[in-house]
Amino acid sequence: MATTGNYVGSTVLRKEDPELLTGQASYVDNQSMPGMVWMALVRPPYVHARITGIDTAAAKAMPGVVGVYTAEDLELGALPFVWPITEDIKVPVHYPLAKDKIRFHGDAVAVVVAETRGLARDAAETVHAQVEELPAVTDLEAAMADGAPVIHEDLGTNVTVHWSHGGGGDQSVFESAPVIVEERYSQPRLIPNAIEPRGCLAWGVPAMGEYTLISATQIPHIVRATLGGTVGIPESKLRIVAPDVGGGFGSKLNVYAEEALALAMAKATGRPVKWIEDRQENYVATIHGRGVIHDCTLAGTEDGQILGLKFVEIADLGAYYQLLTPGIPELGGWVYMGPYDPQAYWYEFSGVLTNATPTDAYRGAGRPEATYVLERLVDAFARRIGMDPAEVRRKNLVPRFTEARPAISGLSVDSGDYHATFDRALEMVGYEDLRREQAERRDRGDVKQLGIGLCTYIEMCGLAPSNILGALRYAAGGWDACTVQCLPGGEVVLKIGTSPHGQGHATTWAQIAADALGVTPDDVRVLHGDTAVAPLGMDTYGSRSVSVGATALHLALEKIKEKARTLAAHELEVAEDDLEFANGTYTVKGAPDKARTIADLAASAWHAHAIPEGFEPNLEATAVFDPPNFTWPGGAHICVSEVDTETGAVEILRYVAVDDCGTVINPMIVEGQLHGGIAQGIAEALYEEAIYDDHGNLVTSLMTQYLVPGATEIPAMELDRTETPSTTNPLGVKGIGEAGTIAAPPAVVNSVVDALAHLGVTDVGKPATPERVWSAIRRAEGGAA
Amino acid sequence: MAHVAVTVNGALHEADVEPRTLLVYFLRESLGLTGTNVGCDTSSCGSCTVLLDGESVKSCTLLAAQVDGREVTTIEGMATDGEMHPLQDAFHRNHGLQCGYCTPGMIMAAVSYLTENPSPTEEEVREALEGNLCRCTGYQNIVASILDAAGRMAGAKV
């Protein structure tokens, strides 16, 4: 257990747990208000249809129904979209309720407010849209084809954006290199599946025009800054509260129609309005992730040198843009070189509208897509030249660097030690022994073959330097803010602009403050997730909270210490330079009995009876941190799996991960983030896929059809780490929220292909379901025959 | 309306409810016991797991009317005299929860399972959690928590 002064770097059990363990959490559905009514949305059973009428009469006549509204009844603006990534991007207009056309299953045409949850649902089922059905297209490539149904006629095309990173280095290697490997990889749509569905509760003081929205969101500050225009409430009169939030994974990094509609209904009815999503709604109306196809080219040499990497991607955007939609592929566009050092780089993508749920940020957001194709391609290269994939990686990993280093993608990587993580992972897994066992099984022709899948990766996180976001045409900044208050009784309150949903911020931030001020984490209260309490902030996504938010906390703590030093010098009647500071106490050098603790100083700064002239009462400070760079974690993951060549079944035998996320504040929480991220990556590799039928219906529309893995599908993971401090922030921290989801899919799929490589299998698709694996084996056999 | 008399966490509650009322909404909305969460409405995720006469059930797939005359235990009934149940304590000490949404269901499923099998193996715990999904932890520390609690509970009984 940590002692005073060294909580950072130690496991501290979570401050968040007691309420979550005893059923006292504040999830939005646990909250209600006097006079509260329930909202339900009418989502007609069409995928693509022109609306000719909406019949609300039956619903309006039902006892207990407070109101039924269509787009015509409400003067709502379009939903916010904040990342027009190119000058000529075509932006579909996206209203909270569909006006002219239904464009995907999640499109709502009316909203019902009633006295109870059940009544609202019952009434919504009686509302019918009269429509003229249109041909639908949910297949990405079909939506690009000539003659495809156009989803937004005013845009004239489904291909609404093309973004090119442009080249880096000598592009001629893609023609002239001794070895050219070309592959096409497809990654299906995924459904994020936070176990808590979305939901919100809105109410107002109509006479004042003031409204509050409690929402299961990752981004209360961004909701407040962007939703006012949609609902006609000035930002200053809008308060957004993120209570306890039951998981996000990017799916709650958005501003949704239902949030706007709940506020609109609170305005229209004058009563508190609650909406809770059910799981079927969640599958169609909450964003999906991935849904991309890449054409990939690796230029290399026969002895394993990677000379050039080129990727041309098409991305399924869905029926509208949500908050960030076309920006997600671009986020990956800076990491397609991975931890390697090619001489040439190319990345471009086209974004395509389909009659499907909008895609947006899902854990990793662009970087898992990039890492998957890169790491698959490196393995394909190794097979082509007949070299061990570990050897290829060793040859190409950038050597250790502790100062920022320019990458060929154009940004600058903060620090890295990729060989250290890779060597440690190979050692932990016993790589050479596994290769021997694999050879023996192959020689024997075993039914169950062994595969060893490697992934060495980097990620770009800690979003983000505001000037770079501006250059990328993102509408907001990437700073964060923290206010530290030292209360006169000796406790410390932190008000911070990050907004967690399971990450343990209250504990981690308390550890940092406790060390700085000489108190214990129990003395520190962390307040966040409420724009009225912590008004400055940019919220939680992109593994940014520790590297941006906690750095703002660190800087505010430094200000507190400076202010306290001034007051201590005044009270002890010495010069500030005559003081030394340790364990929260200023002591006069050489006179240890002359001392003031931070708590003493907080009290005297509060009563302010005898403070220096010009000294502001209270021991309180705010800092805002805008990072000079992203942070760039890296590491190596190795998956060992057994593939049944008769059934196609895959079983993961071992999963080893060695990650480097810079300085670690709480190892227990870092490991927890990795466990969850890796599990989601394994799910992506082996189980999960959102499937649409030919008519555009989501076939995997229930949890019984979309395979979120359980405890028996996820193996015990073996973790280790190295710590190479980031040069981006004074804490040296990098972030760990997305690493597992970025590294695991290629490690797992590479292991499956590796198990079958001697049979001639080069791809099994993702997810590598038994059927796909079995088919790949049969195809390879057929090819050989 | 259906009349329901049910003992929840040791206290008898009587209420008239719509016949279609699910047990989970009876607990949450009629009794104000919001510790039991709803994740899917289709008995897939297990967030709503409670004990019915000591055995784990998914309260989103039972009607309130079906529990008339029976005993229900929810997460709110697990601590005694302010002391957390060994499973709650083990989840805390082993970081067996992150967002916490699946946690009450996980704990109730584990309570029921450890009654059947007080000293399970890791593999058995994983199989026992078949009906409960978690999206945050990768199950590793949930499994560790349950094994830890099993050890302590077995020790306490000796």
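Residues numbered from 1 in each chain as written. Chains lettered and ligands numbered in written order. Predicted model: local features only at pLDDT ≥ 70, side-chain atom pairs only at ≥ 80, totals over all residues.

The number of helices and strands found in chain A is 20 helices and 28 strands. Of all 785 residues assigned to chain A, the portion counted as buried reaches 60%. Expressed as a percentage of contacts within chain A between residues at least 6 apart in sequence, the contacts between residues at least 24 apart total 80%. (Helix = DSSP H or I, 4+ residues; strand = E, 2+ residues; numbered from the N terminus. Buried ≥ 20, exposed ≤ 12 C-beta atoms within 10 Å, placed from the backbone. Contact = placed C-beta atoms within 7 Å.)

Helix and strand counts for chain B stand at 5 helices and 5 strands. Listing each helix as α and each strand as β along chain B from the N terminus yields β-β-α-β-β-β-α-α-α-α. Relative to the 2.2 N^0.38 estimate, which gives 15 Å for 158 residues, the radius of gyration of chain B is 15 Å and therefore close to what a compact globule would have. In terms of its C-alpha atoms, chain B occupies a principal-axis envelope of roughly 45 × 35 × 25 Å. (Rg over C-alpha atoms; globule rule 2.2 N^0.38 Å.)

All names here are of chain A. The sheet built from 7 strands is open, its strands ordered S3-S5-S1-S12-S9-S10-S11 with mixed pairing. Strands at the two margins of the open sheet, each flanked by one partner only, are strand S3 (65-70) and strand S11 (238-241). Looking at each pair of strands side by side, their axes are set apart by 20° on average, direction ignored. Where strand S9 (residues 199-205) meets strand S10 (residues 210-215), 6 bridges bridge the pair, whose relative direction is antiparallel. Within S10, the residue paired with Ala202 across the bridge is Leu213. Running over the sheet, helix H3 (residues 117-125) touches strand S1 (37-42), S3 and strand S5 (110-114) and is turned about 25° from S1. Contacts from helix H7 (residues 257-269) reach S1, S3, S5, S9, S10 and strand S12 (273-276), with the element oriented near 35° to S9. (Pairing = 2+ DSSP bridges. Axes fitted to C-alpha atoms, helices over the stretch in contact; angles between N-to-C directions.)

The subject of this paragraph is the interface of chain A and chain B. Contacts between the two partners involve 40 residues from chain A and, on the opposite side, 42 residues from chain B. At the level of secondary structure, the elements contributing two or more residues to the side of chain A that touches chain B comprise helix H1 (17-21) and helix H18 (667-686) of chain A. For the side of chain A that touches chain B, the element with the most residues is H18 of chain A, which contributes 6 residues. Tallied by class, residues from the side of chain A that touches chain B come to 19 nonpolar, 15 polar and 6 charged. (Nonpolar A, V, L, I, M, F, W, Y, C, P; charged D, E, K, R; others polar.)

For the rest of this paragraph, the subject is the packing of H18 of chain A against helix H19 (residues 739-756) of chain A. Packed helix pairs are characterised by how far apart their axes lie and by the angle those axes make with each other. Residue and element names in this part refer to chain A. Contact pair H18 / H19: the axes reach a minimum separation of 7 Å and the direction vectors enclose 40°. Comparing their axes, H19 and H18 come out oblique. In terms of crossing hand, the pair formed by H18 and H19 is right-handed. Within the contact between the two elements, H18 uses Leu674, Gly676, Gly677, Ile678, Gln680, Gly681, Ile682, Glu684, Ala685 and Leu686 and H19 uses Ala739, Gly740, Thr741, Ala743, Ala744, Pro745, Val748 and Val749. (Parallel < 35°, antiparallel > 145°, perpendicular 65-115°, else oblique. Left-handed = near helix turned anticlockwise from the far one by under 90°.)

All names here are of chain A. Among the secondary structure elements, Glu576 is positioned in the loop between helix H16 (545-572) and strand S22 (579-582). Each C-alpha atom, one on Glu576 and one on Trp163, is 55 Å from the other, the two residues being 413 residues apart in sequence. In contact with Glu576, other than residues within four places in its own chain, are Arg565, Thr566 and Ala569.

Residues and elements named next belong to chain A. The domain boundaries assigned to chain A delineate domain 1 (17-22 + 479-625) and domain 2 (397-406 + 413-460 + 632-785). Each of domain 1 and domain 2 has a C-alpha centre, and these two points are 41 Å apart. In this complex, domain 1 contributes 13 residues to the contact, which on the side of domain 2 involves 15 residues. Elements with a contribution of two residues or more to the side of domain 1 that touches domain 2: helix H15 (505-517) and H16. Here the side of domain 1 that touches domain 2 gets 5 residues from one element, more than from any other, and that element is H16. (Domains from an automatic or database assignment.)

Glancing now at unusual backbone geometry. Keep in mind that most residues, glycine aside, have a negative phi and that most peptide bonds are trans. All names here are of chain A. For the bond from Leu463 to Ala464, the omega torsion is -5°, close enough to zero to count as cis. Here Ala464 lies in the loop between strand S18 (448-458) and helix H14 (466-471). The omega angle of the peptide bond from Lys766 to Pro767 is 0°, so this bond is cis rather than trans. With respect to the secondary-structure elements, Pro767 resides in the loop between H19 and helix H20 (770-784). Although it is not a glycine, Arg290 sits at a positive phi angle of roughly 60°. Note on placement: Arg290 falls in strand S13 (residues 289-300).

What follows covers the nonpolar core. Residues and elements named next belong to chain A. Core analysis: the biggest nonpolar cluster contains 314 residues, and Val112 and Ala513 have the highest contact counts within it. Considering every element that reaches this core, the biggest residue donor is H16, with 12 residues. Apart from residues no more than four positions distant in its own chain, Val112 is found in contact with Ala40, Val42, Ala59, Val65, Val68, Ala120, Ala123, Ala124 and Val127. (Core = buried A, V, L, I, M, F, W, Y, C linked by C-beta atoms within 7 Å.)

So, about helix H11 (residues 389-396) of chain A. All names here are of chain A. For H11, the set of buried residues is Pro389, Ala390, Val392, Arg393 and Asn396. What you see down the axis of H11 is that its buried residues fit within an arc of 160°, all on one side. Buried-residue contacts for H11 involve strand S14 (306-318), helix H10 (367-385), helix H12 (418-429), helix H13 (431-444) and S18. (Arc of directions from axis to C-beta.)

What follows deals with the sheet that holds S14 of chain A. Residue and element names in this part refer to chain A. What the 5 strands build is an open sheet, ordered S7-S15-S14-S13-S8; its pairing is mixed. Strands at the two margins of the open sheet, each flanked by one partner only, are strand S7 (159-169) and strand S8 (179-190). Strand-to-strand twist in this sheet, taken as the mean axis angle between neighbours without regard to direction, amounts to 10°. Sheet analysis places S8 next to S13, joined by 11 bridges and oriented antiparallel. Each bridged residue has a counterpart across the sheet, and for Leu190 the counterpart in S13 is Gly289.

A separate point is the pairing of S11 of chain A. Direction of pairing for S10 of chain A relative to S11 of chain A: parallel, over a ladder of 4 bridges. When the bridges of S11 of chain A are listed, Leu213 of chain A appears paired with Ile240 of chain A.

All right, on to the domain arrangement of chain B then. All names here are of chain B. The domains assigned to chain B are domain 1 (2-77) and domain 2 (86-157). Once you take the C-alpha centre of each, domain 1 and domain 2 turn out to be 21 Å apart. Facing 15 residues of domain 1, the contacting portion of domain 2 comprises 13 residues. Sorting the residues of the side of domain 1 that touches domain 2 by element identifies strand S3 (49-52) and strand S4 (55-58) as the ones contributing at least two each. In terms of residues, the side of domain 1 that touches domain 2 owes the most to one element, S3, which gives 3 residues. Among the residues forming the side of domain 1 that touches domain 2, the class breakdown is 5 nonpolar, 9 polar and 1 charged.

Our next topic: the packing of H10 of chain A against H11 of chain A. Residues and elements named next belong to chain A. The N-to-C vectors of H10 and H11 enclose an angle of 110°; their axes lie 9 Å apart at closest approach. As summarised for this structure, H10 and H11 are arranged roughly perpendicular, according to the angle between their axes. Both H10 and H11 take part in a crossing whose hand is right-handed. Between H10 and H11, the contacting residues are Val378, Asp379, Phe381 and Ala382 on the first element and Pro389, Val392 and Arg393 on the second. By residue class, the composition of the contact of H10 with H11 is 5 nonpolar, no polar and 2 charged.

A few words now on the pairing of strand S1 (residues 2-8) of chain B. Residues and elements named next belong to chain B. Where S1 lies against strand S2 (residues 11-17), 7 bridges are found, and the strand directions are antiparallel. By the bridge assignment, Val6 is partnered in S2 with His13. Remark: 2 residues form the turn of the hairpin made by S1 and S2, two consecutive strands paired antiparallel; Asn9 in that turn has positive phi of roughly 50°. In terms of strand pairing, S1 meets strand S5 (residues 71-73) through 2 bridges, oriented parallel. Pairing of Val8 across the sheet is with Val72, part of S5.

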